[in-house]
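# Topology and contacts: notes
Chain residues, written in single-letter form:
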Amino acid sequence: MARQETHVVGLDIGTTRTTAVIAEVNDDGRLEIMGVGTAESRGLRKGVIVNPDAAAEPIRRAVEEAERMSGLIAESVHVSMSGTLLRGLNNRGVIAITNADRRITRADIKRVIETACVVTLPGGHEIIDVQPQEYIIDGQDGISDPLDMLGTRLEVAVHIITGPITVRQNIISAVNRAGLLVADIVLEPVAAAEATLTDDEREYGSAVINIGGETTSLAIYQRGAVQHTAIFPFGGSHFTNDIAFGLRTPIPEAERIKRTYGCVLPTLAAENDETIEVPSVGRRPPRALSRQLLCEILQPRAEEILGHVNEEIKRAGFERELSSGIILTGGGALLQGLTDLAEQIFDHPTRLGYPLGVTGLSEETNSPLYTTAIGLVMIAHRGRLGRYYRAMSAPGAISRTAARVRSWLANFF
Ligand SMILES: Nc1ncnc2c1ncn2[C@@H]1O[C@H](COP(=O)(O)OP(=O)(O)OP(=O)(O)O)[C@@H](O)[C@H]1O
Ligand SMILES: [Mg+2]
């Protein structure tokens, strides 16, 4: 079996599904998916691990399946995080460059990010992630890597993710209990964006909307960096519950009906207005219903979810900044008609987000269901290529729970 250094592992611990992906760099230098594994999640509520013991078992099963398929061993993993208590905020830091030759060093970059991380947090909260957006040297903005450049004043703009200390601790605890180490923790929509966005979309303005089982998350990109993030407490399971309630059918049947016949645009449903046999609760006989009726149940919910996200985009001031449009991804985005409805609601071109930039995708993995896990291996791979990450691949770097900004920076450089 190959050694750990040759491959990277992504672990998407979703509310409904836990997905592991193992990828390796192939002879062409491209990242190739070697193995995947999935298991029904346990111990999560609205994207957050509330019971690490329960969450550990599906993690172990998903990772073992990916190991078997790839013939590779997972040791440390890049993990996704989500939850409505996570907050994204933008901040800036500035320092004077005092070296005799005014050449910017790694230590200067570390120091300026540290100054940008000085924010007031509620008790029990911490900074979980920091994403540099751009550097500004002596007033010149739009610099993505200031190392070795000359200047007297270095500024940085960053996007900071904060959240309750327990969010990160419970992720580490569940992963450790599954016998693995955490190499890094990445906000879910940031991982999904990594896998789905083209360079132009990242540059000219786009919004990735990841619709999961119990959460929907948003990441807005512009000028090559994340500008705004938000997580909402609704997702695909709301559609299932609406069907179960509206058609008085058990949840598993409602889920099946949603995936097979679900549609959120009456015009699409009218094109193919089959009758659906709906099993009843208890001993009552099944009933026949039209697809049109199913659409009438699902459409208002879809409008409500997408409407909320649209309000957030407007509130954040990006309504007119998304010239590259909207990218819907995550399992919930597979509902028929959703991209067309989204295009009407957001008034921007909208597409489904599939994983880009990796090889070895199968029919199963070439799907919005796998974008977060694949984004995680891409981020892991990028980290391994260098830039500021360097020490990040030290296994267990984040398995010690006391770490905060300082140790985050230590890992980062
Ligand atoms: N073909 C389909 N049509 C409609 N919905 C689907 C389809 N396939 C999966 N889904 C829905 O996708 C959701 C799961 O998506 P995903 O795996 O991205 O969520 P998760 O990561 O487990 O949850 P979260 O991101 O909220 O923590 C479920 O609600 C499921 O019903
Ligand atoms: Mg998810």
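Residues numbered from 1 in each chain as written. Chains lettered and ligands numbered in written order. Predicted model: local features only at pLDDT ≥ 70, side-chain atom pairs only at ≥ 80, totals over all residues. Heavy atoms only, no water.

## Here's the deal with the packing of aromatic side chains
How two aromatic rings sit relative to each other is set out by the distance from centre to centre and by the angle between their planes. Formally: Think of it this way: a Phe, Tyr or Trp ring, Trp meaning its six-membered ring, pairs with another when their centres are within 6.5 Å, and the plane angle makes it stacked under 30 degrees, edge-to-face over 60, tilted otherwise. Buried means the residue's accessible area, taken with a 1.4 Å probe over protein chains only, is under 20% of the maximum for its type, while exposed means over 50%, and partly exposed covers the values in between. Geometrically, a charge over a ring is one whose NZ (Lys) or CZ (Arg) sits within 6 Å of the ring centre while staying within 35 degrees of the ring normal.
One pass over the structure, following the stated rule, counts one aromatic pair. A centroid spacing of 5.7 Å and a plane angle of 5 degrees characterise the contact between F232 and F234, whose relative ring orientation is stacked. With a relative accessible area of 11%, F234 lands in the buried category. The ring of Y370 has R17 lying over it, and the distance from NZ or CZ to the ring centre is 5.2 Å. Sitting above the plane of the Y221 ring, R202 keeps its charged end 5.9 Å from the centroid.

## Observations concerning helix 10 (residues 338-346)
Inclusion rule: Segments assigned H or I by DSSP are reported as helices when at least four residues long, segments assigned E as strands when at least two residues long, and all are numbered from the N terminus. Directions drawn from the helix axis to the C-beta atoms are what define this arc. Only heavy atoms enter the contact rule, under which two residues are in contact if any of them lie within 4.5 Å.
Among the residues making up helix 10, those that are buried are L338, L341, A342 and F346. For helix 10, the angular spread of buried residues about the axis comes to 120 degrees, placing them on one side. Residues of helix 10 that are buried make contact with strand 12 (206-211), helix 9 (291-315), strand 17 (326-329) and strand 18 (350-352). The first or second residue beyond helix 10 is D347, which carries a positive phi of 60 degrees.

## Considerations on the site of ligand 1
Put simply, the rule is: A cutoff of 4 Å decides nearness: a residue is near a molecule or strand if any of its heavy atoms lies inside that distance of it. For this analysis, a polar contact is any N or O atom pair within 3.5 Å, provided that within protein one partner can donate a hydrogen and the other can accept it, and provided that sequence-adjacent residues contribute only side-chain to side-chain pairs. Here the open area of atoms and residues is found with the Shrake-Rupley method and a 1.4 Å probe, where only the protein chains shown may cover a residue. For this classification, the nonpolar set comprises Ala, Val, Leu, Ile, Met, Phe, Trp, Tyr, Cys and Pro, the charged set comprises Asp, Glu, Lys and Arg, and every other residue, Gly included, is treated as polar.
Around ligand 1 sit 21 residues, and of these T15, T16, T215, E255 and K258 come closest. The contact in question runs from an oxygen atom of ligand 1 to an N or O atom on the side chain of T215, over 2.8 Å. The fraction of the free accessible surface of ligand 1 (650 Å²) that becomes covered by protein chains is 92%. Going through the elements one at a time, helix 6 (236-246) and helix 7 (251-261) are the ones with two or more residues in the shell around ligand 1. By residue number, the principal contributor to the shell around ligand 1 is helix 7, which donates three residues. Residue composition of the shell around ligand 1, by class: three nonpolar, 12 polar and six charged.

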